[in-house]
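# Overview (structure and organization)
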Amino acid sequence: MTLREINSKMVEATVAPGQRLFSQRGAMLAYRGDVSFTPNVQGGQGGLMSMIGRRVAGEATPLMTVEGSGTVFFGHGGHHLHVISLSGDTLYVEADRLLAFEGTLRQGTMFMGSQGGVMGMVRGQVTGQGLFTTTLQGHGAVAVMAHGGVFEIPITPQRPVHVDPQAYVAHHGDVRNKLSTALGWRDMVGRGSGEAFQLELSGSGTVYVQASEEKL
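Quick notes on the rules
- Residues numbered from 1 in each chain as written.
- Predicted model: local features only at pLDDT ≥ 70, side-chain atom pairs only at ≥ 80, totals over all residues.
- Heavy atoms only, no water.
- Helix = DSSP H or I, 4+ residues; strand = E, 2+ residues; numbered from the N terminus.
- Buried < 20%, exposed > 50% of the residue type's maximum accessible area, 1.4 Å probe, protein only.
- Contact = heavy atoms within 4.5 Å.
- Areas by Shrake-Rupley, 256 points an atom, 1.4 Å probe, with all protein chains shown as cover.
- pLDDT = per-residue confidence, 0-100.
- Salt bridge = Lys/Arg side-chain N within 4 Å of Asp/Glu carboxyl O.
- Pairing = 2+ DSSP bridges.

Our focus in this paragraph is the overall build of the protein. A tally of helices and strands in the protein yields 3 helices and 13 strands. Of all 216 residues assigned to the protein, the portion counted as buried reaches 50%. Restricting to contacts in the protein with at least 6 residues of sequence separation, those with at least 24 account for 81%. Accessible surface for the protein amounts to roughly 9,900 Å². Of this, 52% is attributable to carbon and sulfur atoms.

Attention shifts here to the confidence of the model for the protein. The predicted coordinates should not be examined in detail at positions where pLDDT is low. With 69% of its residues at a pLDDT of at least 70, the protein reaches an overall mean of 79. Taken element by element, the protein is modelled with least confidence in helix H2 (residues 113–127), mean pLDDT 45, and with most confidence in strand S2 (residues 10–15), mean pLDDT 96. For residues 46–61, every residue scores under 50 in pLDDT, and the model assigns this stretch 26 contacts once sequence neighbours within four places are set aside.

Once that is clear, we can look at the pattern of salt bridges. For the structure on display, the rule yields 1 salt bridge. Taking the shortest distance from any N to any O, the salt bridge between Arg-4 and Glu-12 comes out at 2.9 Å.

Counting buried positions along strand S7 (residues 98–102) yields 5 of 5 residues, so the element is predominantly enclosed. Two elements, strand S3 (residues 21–24) and S7, share 3 bridges in a ladder whose sense is antiparallel. Residue pairing across strands places Leu-21 opposite Glu-102, the latter belonging to S7.

This is the structure:
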């Protein structure tokens with residue numbers, strides 16, 4: 001099974017017998033062949049805890065399990081799409097930016113505070129992003145959504161990357177994250193993202209950034 005970008009707003013998935021694909025509900029645009037779409041109440045490959053994590057993170061709709069033999073075309077809301085290939089590593093992606101992923105990948109949920117400490121929790125409370133981030137691990141492809149396109153920025157030990165939290169899409173590699181701000185605690189209350197808030201990513205890996213701060 002493969003995920004392939006057809007253009008900036010549509011991806012094509014080849015579905016084969018014995019294989020599965022998971023997609024966001026409402027993402028199917030068209031398909032050909034003998035393909036079935038079933039609501040997935042077990043949270044993809046991550047089981048019950050993954051489902052609970054997504055519900056706490058505010059993801060109201062379940063994933064769809066796609067099976068059969070044929071071709072499916074995905075898109076959502078006219079958003080720009082980007083396909084990321086994983087080779088055994090872990091991708092961290094905001095749940096609302098996840099369009100579809102291959103069933104060979106194991107899905108989980110990470111509490112942002114476990115990497116960012118208190119500042120990770122502040123990021124969720126102040127910027128409106130979830131406290132939970134979806135993780136996908138293994139070998140396979142993932143399609144993510146963004147406003148205005150996606151660009152990749154390498155993260156190296158010598159050069160950490162600072163990203164506006166609203167522009168953050170996903171990252172992978174041996175990376176740590178924390179929220180930094182030049183404002184005091186009182187000034188932070190009620191403030192949104194922008195130059196006042198910066199998500200600092202350090203280590204070795206790649207961060208995917210959308211070309212707009214607009215929320216999905």
